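An overview of the molecular structure
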Amino acid sequence: MAPNMKSASNVNLHRRFNDVSTYVTELGGSKGRVIEKVLIANNGVGAVKAIRSIRRWAYEVFGDERAISFVVMATPEDLRSNAEYIRMGDIIVDVPGGSNNHNYANVTLIVELARLHGVHAVWAGWGHASEKPALPNSLAKSDPPIKFIGPAGPPMYALGDKIGSTIIAQNAGVPCIAWNGADVVAEYDVESGTLPEEAFQQACVVSAADASAAAEKIGLPIMIKASEGGGGKGIRMVNNMDDVANAYRQVCGEVPGSPIFIMKLSTNSRHLEVQLLADEYGNAIALNGRDCSVQRRHQKIIEEGPPVAASPEVWKQMEEAAVSLAKAVGYANAGTVEYLYSEPDEKFYFLELNPRLQVEHPVTEMITRVNLPAAQLQVAMGIPLHHIPEIRELYGKNRFEDDVSDSKSVIDFSKTERVPPYGHCIAVRITAENAEQGFKPTSGGIQELNFRSTPNVWGYFSMDSSGSIHEFADSQFGHLFASGPDREQARRNMVLALKELSIRGDISTTVDYISKLIEMDDFIDNNIDTAWLDGIIASGGIKISPSANSLRRGVSGSSGLSNDTLAVIGATIVAFDQCSNDETTFTGLLDRGQLPPLTLLKMIRDVELILDEVKYKLCCTRTGKDTFEIAVSGKPSKCVPTSVRLLSDGGYLISIGGKSQVAYQTSQADAASGMKISVNGKTVSFSPDYDPSSLRTDVAGKLVKKLVPNGTQLKKGSPYAEIEVMKMFMPLKVEEAGTITWANNEGAALAPGDLLATLELDNPENVSTATVFEGDLDVAGWGALGASDSSTNSKRPHITLRQAMDKVKCGMAGDVFFLDAFG
């Protein structure tokens, strides 16, 4: 080809349009509509991902990333937390705070805002109001109508409801697992988008007695599920008939007003799902799928794609069944059909259809190169699937044709093969949960969030280093995606990304836990199922708190830090903070003309820290402005000198035995939890004193229900209360046997450390406590007093004088032990 000639294919590959109207006019069908202003009825990672994806698409197609403008909703909590999506929005609208029924899940509010701001469409993403048929129905009745970027109300109601979708699926011949509505026969009305009401009610469990009867008929173990639940909410596994009634009530409480059903628990099964995309002209396709088998209490933790557990032949059947189901009900836009897959006998069972985009959809994006939020928008604009450029590429066609009216531009998806997936992708959810305490949600500020994208690893977060996670937020605040030519390379890329990810703040995260999880042999060999992670947790879990020699220095990567060293670091931080704070108080009182107590200037601080069930009782003597000598309490003849300097970002540069460590105090100790520090990027959690007689919560939330009345005799491990934390109901259990006395009321807002009740122990003498450390500390620089190396400057005259003055001050305070030790 001559140099001055341009091929039509190259022009079409990078073709751009002047504006949205031109794009819709040329590519849209008979239902084409212009959408240039969108209300994001979501927050957190969902809002961030939608805005970023659509802006990237807008730049590629129009050369203007602002071709689509976004109106975003902002609660006071999200504003205070400096949420990323708020900074990304074009128009920010204040909405009421509190739980999501006041804001992001409030259909009336969303519709009012959409009409007030004159938006053309509403994107709800996942969670909140995304599965409420009232939202698309109400928007469609607006004048002018406002488009919902998702399915219409009737198909959403029929298929989005787990009960209705299972009835439709089983009557359409899709394999379904045993459940309480297995005998229901009904015909779906495509015109009205409904099932006969009597058939639907027949498949609902309406009382605890019904639940017990259904459990006996189906056989244990079972799953009790809310049809409007999701994301780990409204679902309980039961393998004991005595627990059925209580589990039923918990499910009802987590998703109020939702119909309930019961299904057989399939053991040793995979969770595989097919990503659907359908247009408004009756076309539907499968965009490959994902394996989401790594779950904790049915909450997805790790997702990957394409699924390799099912054979290509079986996977094709699963995709075809999903597409047929979507077509049968006239489904449009993105959706996901979830299956349980029994690997030994290669059988699959319909689980549910999610009428929305899934949080893990970027896995599909990376293996198909289809921008799903942008595809959703284009479907909502009335553009047929065969005119969406990325869909055309997926089926081996040009992005654009010179003449879209030509029948050659139409794709017969049933006869055209997709291009092979682009390698493998593994996704990890980054959540503010404490993996060592049953994945309890945590909230608070973030001081550092450092993630480095690479060509093989991409991720996004709902805030940056200046943000925070509030008590009404979803616990997930980030998502990482690693790709590679095969599963093993994708896994290795993810391991490296997790090791380099640095998150520091008041919250706990699952980063270290998942990093160890994906390095286990079972995961490497892909020998996993939906019960795999719960089995690991039940057998003791994965230990992520550093034990002796388990924490590696970030600089050298070779020398280990023992628990003794970590205790000395923690004690140095505590003593330094106490001395600094007391000095500030002392000078502040003097400035106000008051006489401060001399105790504020004491140079000896007793610090107790518990790490790995060992209690370190340490005596910290201040020998200079930023130097200490740390000894075991009661044994002053040996010590280790330390020095500490404050860094500009609030960190501590601590020197022990001639080696320096960078540490941050991420959480102070309180009545319910111990101090947490970050040493060279790794989290170290010290434990509080074990006091089973005080029943406290270590997370912010609400006391939903007292499970037992005042004065009840409880056995060890018995549940006594339920609290709501980040939209999840969590049971609290006593750790010892005793009689309970309540100190708080139902509905009370709880802060970390709040006392819920006291427990008069049956056998207080049998309560196990931490072992007190005795002997010499395994710490570099440990030795007899005065035998430390010259780096401490302990032999210089002015230091000697300062130490002598410290001894005098402590003697005047009455500390005889200090005089005996150093006199």
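Check the entry above for the structure.
Since we're looking at a predicted model, the values are computed, not measured.

With that settled, consider the overall build of the protein chain. Secondary structure summary: the protein chain contains 23 helices and 41 strands in total. Radius of gyration (C-alpha) of the protein chain: 30 Å, near the 28 Å computed for a compact globule of 823 residues. Along the longest, intermediate and shortest principal axes, the C-alpha atoms of the protein chain span 100 × 75 × 55 Å. Counting the 823 residues in the protein chain, one finds 54% classified as buried. The long-range share in the protein chain, meaning contacts at least 24 apart out of those at least 6 apart in sequence, stands at 63%. For the protein chain, the accessible surface area stands at approximately 34,600 Å², while carbon and sulfur atoms represent 50% of it. The positive charge centre, built from 78 side chains, and the negative charge centre, built from 100, are 4 Å apart in the protein chain.

With respect to the helices and strands, H387 occurs in the loop between α15 (372–380) and α16 (389–394). Of the polar contacts made by the side chain of H387, one reaches the backbone oxygen of L27; its length is 2.8 Å. Ignoring anything within four residues of it in the chain, the contact list for H387 reads L27, R392, V404 and S409.

Within the open sheet, the three strands sit side by side as β7-β6-β8. Their pairing is antiparallel. This sheet does not close on itself; its edge strands, each paired only once, are β7 (233–238) and β8 (260–264). Across the sheet, the axes of successive neighbouring strands diverge by a mean angle of 25°, strand direction being ignored. Bridge count for strand β6 (residues 222–230) against β8 is five bridges, and the pairing is antiparallel. Looking at β8, one finds that I222 is bridged to K264. Of the strands in this sheet, β6 and β8 touch helix α9 (residues 162–171), which is tilted by about 110° from β6. Its contacts with the sheet put helix α12 (residues 244–254) on β6, β7 and β8, and the angle it makes with β7 is roughly 170°.

Procedures and definitions
Residues numbered from 1 in each chain as written. Predicted model: local features only at pLDDT ≥ 70, side-chain atom pairs only at ≥ 80, totals over all residues. Heavy atoms only, no water. Helix = DSSP H or I, 4+ residues; strand = E, 2+ residues; numbered from the N terminus. Rg over C-alpha atoms; globule rule 2.2 N^0.38 Å. Buried < 20%, exposed > 50% of the residue type's maximum accessible area, 1.4 Å probe, protein only. Contact = heavy atoms within 4.5 Å. Areas by Shrake-Rupley, 256 points an atom, 1.4 Å probe, with all protein chains shown as cover. Lys, Arg positive; Asp, Glu negative; His and termini not counted. Charge placed at Lys NZ, Arg CZ, Asp CG, Glu CD. Polar contact = N/O pair within 3.5 Å; in protein donor to acceptor, adjacent residues only side chain to side chain. Pairing = 2+ DSSP bridges. Axes fitted to C-alpha atoms, helices over the stretch in contact; angles between N-to-C directions.

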